[in-house]
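What the coordinates show
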Amino acid sequence: MNFFRGVMGGQAVGPQPTGAETIQKLCDRVASSTLLEDRRDAVRALKSLSKKYRMEVATQAMDHLINILQTDRSDSEILGYALDTLYNIICNEEEEEQDETAQKQTDDLGAKFTEAFIQDPEHITLLLTMLEEFDFHVRWPAVKLLTALLRNQCVQLQSIILVSPMGVSRLMDLLADSREVIRNDGLLLLQQLTKGNAAIQKIVAFENAFERLLDIITEEGSSDGGIVVEDCLLLLRNLLKNNSSNQNFFKEGSFIQRMKPWFEVGDDNSGWSAQKVTNLHLMLQLVRVMVSPVNSPGATASCQRSMYQCGLLQQLCTILMATGVPADILTETINTVSEVIRGSQVNQDYFASVNAPSNPPRPAIVVLLMSMVNERQPFVLRCAVLYCFQCFLYKNEKGQGEIVATLLPSTIDANSISAGQLLCGGLFSTDSLSNWCAAVALAHALQDNFTQKEQLLRVQLATSLGKPPVSLLQQCTNILSQGSKVQTRVGLLMLLCTWINNCPIAVTHFLHNQENVPFLTAQISENLGEDERLVQGLCALLLGICIYYNDNSLENYTKEKLKQLIEKRIGKENFVEKLGFVTKHELYSRAAQKPQPVFPAPDQMLFDHEFTKLVKELEGVITKAVHKSSEDEKKEEEVKKSLEQHDNIVTQYKELIREQDAKIQELKEQVSSMTADSEQMQSTMAQQLSQIQQHKDQYNLLKLKLGKENPIQANSTMGDGTHVNGVRSEEASQLREEMEELRAQHALLQTQLAEKDTIIDSLRSDESQPSEVAGRDLGDVELLKELELLRNQVQSQTAEIKQLKMDNEDLLGRTQTESLGTAPNGDPSADAAKMAELQSRLAAQTSETERLKEEVRNLTEGQAQLEQQAASATSSAAILQTETAKLETELQDSKKEQDDLLMLLADQDQKIQNLKKKLKTFGETVDDEDELDSRDQTDEDDEDED
């Protein structure tokens, strides 16, 4: 009892123990007590001392506390005390009265104790199992302890949780806790857990985090909600930023559509709370994360499309044109709209159609430009408007044309303010920041657009009364020569470089003014201060563009004369040194990092992101152009002309080869068509064979019937030989005529068959020659086989016709024998009876003979049809043979022409190699694309030959 009196502040006799001694005694009690109540009281005492004696408790009691977590799982109260004590040891609480040194020492202690705690990964696993306890006094301290550990040693703890079974899932269950304090601290824990770890971010996202977080935001009142909404938005930003997989999952899950209600603001926008401003700012940042220029172009375009289709872009434009919106929200909204429309033609067209709610209505672009050139507006707002204008014109030739058109004389409306008028006003105002912004904005209207560069040359400006108007190009050079501020001159030089780049007509207009070149050479050759050296470098870039894109149309300022001028007035080495100073400038590197213009102060606003790309592209080619001699340029021009001629020749050959390929393909199609016709003829022949077999069967039946009736017919001829002889003689003469016709037709078929045999034999002899077989197409061989089969079928038909003729002759012979037979002499009385019987038999035989004649006539007609079909097949075979010979001839000609073309291409390739070697000796970089194309074409030709 005396011990507890000393700890709890009671009266004690003798010297009081120190804090370390007390903590030691408590640790011994925790380790040695067998009663749960004694251990619980000791842990409670350690908790009360852990904040004041943080070091002592950490060094002496940490192992005992971890042991309590492992052994006393059944008592939630002692677990809660142990977790709270560990939290007090590890947590670095911020106190206002602490100075920086004391705070740093505190942070070091927290990191040190955290490192000691996580040396054994099982300790983290133990904490994760504590999260499964539903008891508030266990689960909440465990959440706070894990959050503190993550703050102190985030990377190490992430690695442990990532490999822990169901580790992330247990943490995600905190969002479903009905107790708000645990859910809210769970949000803080997940914020720390997802920082900079893409693997954990993916797991959290697939644990249905998006659905849960959006539900919490909606329940808490969206942008009007409290700190919980802010925590949800911060966690969403961690999950989506620089994580393409989660962004794609967010888009495909239709979560972008659920963001639209966040930006519904009413007409009364006065009195926004600080929390609402923070929430809406984070919501806008989430939209920007999905369409950031650093994302892949395909993913960004898909999100931009979704935002337009669901009406999110329209909602953002409503905030943009609303009144009473706080300045920082308006600035962030402008930046968000900028990236939603950047590079998306549909979104850019919609933005161009947005009007401000004014009287009369003005386009949103005009209203924004008015803010940009107004020096009384905040600096960050003006930068945001410039970024919006740049994104509107990015890869938007239609928008560029509309902006430039507002400057042309035929489209200027004196009663309204246009974008062109505002840009000209800002370009020539007394505010250097307005000069720079207007110059950069106008340069973006000309970016990679040759047509608009030419159109802008038509713009004329009235400087003062009584003086003739001057061109916009000349006015820019006039202001440049007046020695204005560095920011103004840098902006004008960037505009001029962008304007005349890759535009020989603009270069000619610039050189036409006799004062421009002397001014540039004077600027470059002087020795000036650090800031002026940047202007000198840009002047050198402008003069270099005039050399590189010079078409030599002005006699006084040809490429060669300008290079001589540089060598005499400036010196080539000095010129290149001044040119290289641009890329070495600190602000150049900062502007090259990202498209959005972000500057800490207005005077540091010197470079534009797109212009840095132009400088990087032109620096090398201008340096080479200045160092080249006239002879090198002439040789280069000759080589270029030779390469162009070669390209033309190769193009012609390619076209010729394509035509021949098309012709060969057409011939192959014809062969295929003929093959199909041959197959059809083969089927027709099969039908004819079946018909012939049917006729043979019918004929056999007639022979059988006639053989059975012959004995009766022989007897019936007795007694009336004259009548029978007369009938049989007439029938015999008809049969002879029919036989003569059949013989004539047979002779004709034999003649045609002989001609066909000759053709087939000639084709077979051609086929036996190896050199011709090697060049013959596979379709031709198939045709020969089909012709051979057709010949066999015709021979078979001829044999069957011969058999029919033999059968007819046999029938005729038997009929003649019957007609020439005589009746023997007999009894006259019996003759009368027999005569009556013979007459009846003769009538029956006559009718049978008529039927047989009809049968023979039908067979003759069928034979004529067969002969006609055979003749048709013969003519088709002759046509096929002719077409085959023609195809073989054309195929040989095509192969010969292709061989000639390959020889010509080989010669041309050798010439190209020689020319490229010459170029390389002159120090030129030679592109190997033509060589690759030539090789690819040769491979294609080889494949066609095969």
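Quick caveat: nothing in here was measured; it's all calculated off a predicted structure.

Definitions and cut-offs
Residues numbered from 1 in each chain as written. Predicted model: local features only at pLDDT ≥ 70, side-chain atom pairs only at ≥ 80, totals over all residues. Heavy atoms only, no water. Helix = DSSP H or I, 4+ residues; strand = E, 2+ residues; numbered from the N terminus. Buried < 20%, exposed > 50% of the residue type's maximum accessible area, 1.4 Å probe, protein only. Areas by Shrake-Rupley, 256 points an atom, 1.4 Å probe, with all protein chains shown as cover. Phe/Tyr/Trp six-rings, centres within 6.5 Å; stacked < 30°, edge-to-face > 60°. Lys NZ or Arg CZ within 6 Å of the ring centre and 35° of its normal. Contact = heavy atoms within 4.5 Å. Core = buried A, V, L, I, M, F, W, Y, C linked by side-chain atoms within 4.5 Å. Axes fitted to C-alpha atoms, helices over the stretch in contact; angles between N-to-C directions. Parallel < 35°, antiparallel > 145°, perpendicular 65-115°, else oblique. Left-handed = near helix turned anticlockwise from the far one by under 90°. Nonpolar A, V, L, I, M, F, W, Y, C, P; charged D, E, K, R; others polar. Arc of directions from axis to C-beta. Polar contact = N/O pair within 3.5 Å; in protein donor to acceptor, adjacent residues only side chain to side chain. Salt bridge = Lys/Arg side-chain N within 4 Å of Asp/Glu carboxyl O. Expected span 1.5 Å × (residues − 1). pLDDT = per-residue confidence, 0-100. Patch = residues over 30% accessible without salt bridge, like charges linked within 9 Å, V, L, I, M, F, W, Y side chains within 5 Å. Lys, Arg positive; Asp, Glu negative; His and termini not counted. Charge placed at Lys NZ, Arg CZ, Asp CG, Glu CD.

Next up on the list: the overall build of the chain. The secondary structure content of the chain amounts to 41 helices and four strands. Counting the 946 residues in the chain, one finds 47% classified as buried. With an accessible surface of roughly 47,100 Å², the chain has 50% of that area assigned to carbon and sulfur atoms.

We now examine the packing of aromatic side chains. Between two aromatic rings, the relevant description is the distance of the centres plus the angle of the planes. With the rule as written, the count across this model stands at 12 aromatic pairs. Pairing Tyr548 with Tyr549 gives two aromatic rings, centres 4.9 Å apart and planes at 90 degrees, and the pair type is edge-to-face. Among the residues examined, Tyr549 registers a relative accessible area of 16% and is labelled buried. Here the basic side chain of Lys144 rests over the ring of Trp140, its NZ or CZ set 4.0 Å away from the ring centre. The ring of Tyr394 has Arg342 lying over it, and the distance from NZ or CZ to the ring centre is 3.9 Å.

Below, the discussion takes up the side chain of Gln315. Mapped onto the elements, Gln315 comes out in helix α18 (residues 312–321). Given the relative accessible area of 15%, Gln315 is considered buried. Look past the residues within four positions of Gln315 in its chain and what remains in contact with it is Lys260, Phe263 and Glu264.

So, on to the nonpolar core. Within the largest apolar cluster, 210 residues are counted, with the highest numbers of intra-cluster contacts made by Phe117, Leu171, Trp262, Phe263, Phe351 and Trp499. The greatest single-element share of this core, amounting to 12 residues, is contributed by helix α22 (residues 379–393). Setting aside residues no more than four positions away along its own chain, Phe117 makes contact with Met62, Ile66, Leu86, Ile90, His123, Ile124, Leu127 and Leu149.

Closest axis-to-axis distance for the helix α8 (residues 136–152)/helix α11 (residues 180–193) pair is 9 Å, and the angle between their directions is 25 degrees. Put simply, α8 runs roughly parallel to α11. In the packing of α8 onto α11, the handedness of the crossing is left-handed. Where α8 approaches α11, its residues Phe136, Arg139, Trp140, Val143, Lys144, Leu146, Thr147, Leu150 and Arg151 are matched on the opposing element by Val181, Ile182, Asp185, Gly186, Leu188, Leu189, Gln192 and Leu193.

Moving on, we get to the packing of helix α13 (residues 209–219) against helix α14 (residues 227–240). Direction vectors running N to C along α13 and α14 enclose 155 degrees, while the axes themselves pass 9 Å from each other. In terms of orientation, α13 and α14 fall into the roughly antiparallel class. Considering how the two elements wind past one another, α13 and α14 form a crossing that is left-handed. Here Ala209, Phe210, Leu213, Leu214, Ile216 and Ile217 of α13 lie close against α14, whose contacting residues are Val228, Val229, Cys232, Leu233, Leu235, Leu236, Leu239 and Leu240. Residues of the contact of α13 with α14, tallied by class, amount to 14 nonpolar, no polar and no charged.

It is worth spelling out helix α12 (residues 198–206) at this point. Here α12 has its buried residues at Ile200, Gln201, Val204 and Ala205. The arc that holds the buried residues of α12, viewed along the axis, is 135 degrees, so those residues lie on one side. Measuring from the backbone nitrogen of Ala199 back to the side-chain oxygen at the start of α12 gives 3.2 Å, which picks out Asn197 as the cap. Where α12 ends, the next residue or the one after it, Asn208, has phi of about 70 degrees, a positive value.

Mapping Val287 onto the fold places it in helix α16 (residues 274–290). Residue classification places Val287 among the buried positions, given a relative accessible area of 0%. Spatially, the C-alpha atoms of Val287 and Thr333 are 9.9 Å apart, while their sequence positions differ by 46 residues. The residues touching Val287, leaving out its near neighbours within four places in the chain, are Met259, Phe263, Met307, Leu312, Leu316, Thr336 and Val340.

Quick look at the pattern of salt bridges now. All chains considered together, the criterion is met by 23 salt bridges. Arg40 is the partner of Asp75 in a salt bridge, and the nearest nitrogen-oxygen pair spans 3.3 Å. Of the two residues, Asp75 is situated in the loop between α4 (54–71) and α5 (76–90) and Arg40 in helix α3 (residues 36–49); the sequence distance between them amounts to 35 residues. Asp75 gets classed as buried once you look at its relative accessible area, which sits at 13%. It is possible to trace a salt-bridge network through shared partners that takes in Arg40, Asp41, Arg44, Asp75 and Glu77.

Right, let's get into α8. Taking 1.5 Å of rise per residue, the 17 residues of α8 would be expected to cover 24 Å, and the 25 Å separating its terminal C-alpha atoms lies within 8% of that figure. Where burial is concerned, most of α8 is hidden: 13 out of the 17 residues are buried. Of the residues flanking the start of α8, the one acting as N-cap is Asp135, its side-chain oxygen 2.8 Å from the backbone nitrogen of His137.

Before going further, it helps to examine the confidence of the model for the chain. Overall, the predicted model of the chain reaches an average pLDDT of 80, with 74% of residues at or above 70. Counted against residues more than four places away or in other chains, residues 1–14, with its pLDDT under 50, gives seven contacts. Overall, residues 815–831 carries pLDDT values under 50, and its contacts beyond four positions in sequence, including any with other chains, amount to 18 contacts.

Here the focus is the environment of Gly401. Within the secondary structure, Gly401 is located in helix α23 (residues 397–405). A residue is classified by how much of its surface remains accessible, and Gly401, at 18% relative accessible area, is buried.

What follows concerns the side chain of Ser418. Mapped onto the elements, Ser418 comes out in the loop between α23 and α24 (419–427). Sequence-distant contacts of Ser418, that is, excluding residues within four places in its chain, are made with Val366 and Thr406.

Taken together, the side chains of Leu162, Val163 and Ile203 make up a nonpolar region of the molecular surface, amounting to roughly 250 Å² of accessible area. The topology assignment puts Ile203 in helix α12.

To continue, consider a negative patch on the surface. On the surface, Asp893, Glu897, Asp899 and Asp900 cluster together into a negatively charged patch. Along the chain, Asp893 falls in helix α40 (residues 828–921).

Here the focus is the environment of Leu880. Positionally, Leu880 belongs in helix α40. By relative accessible area, which is 8% here, Leu880 ends up buried. Along the backbone, Leu880 and Ser678 are 202 residues apart, and their C-alpha atoms lie at a distance of 8.5 Å.

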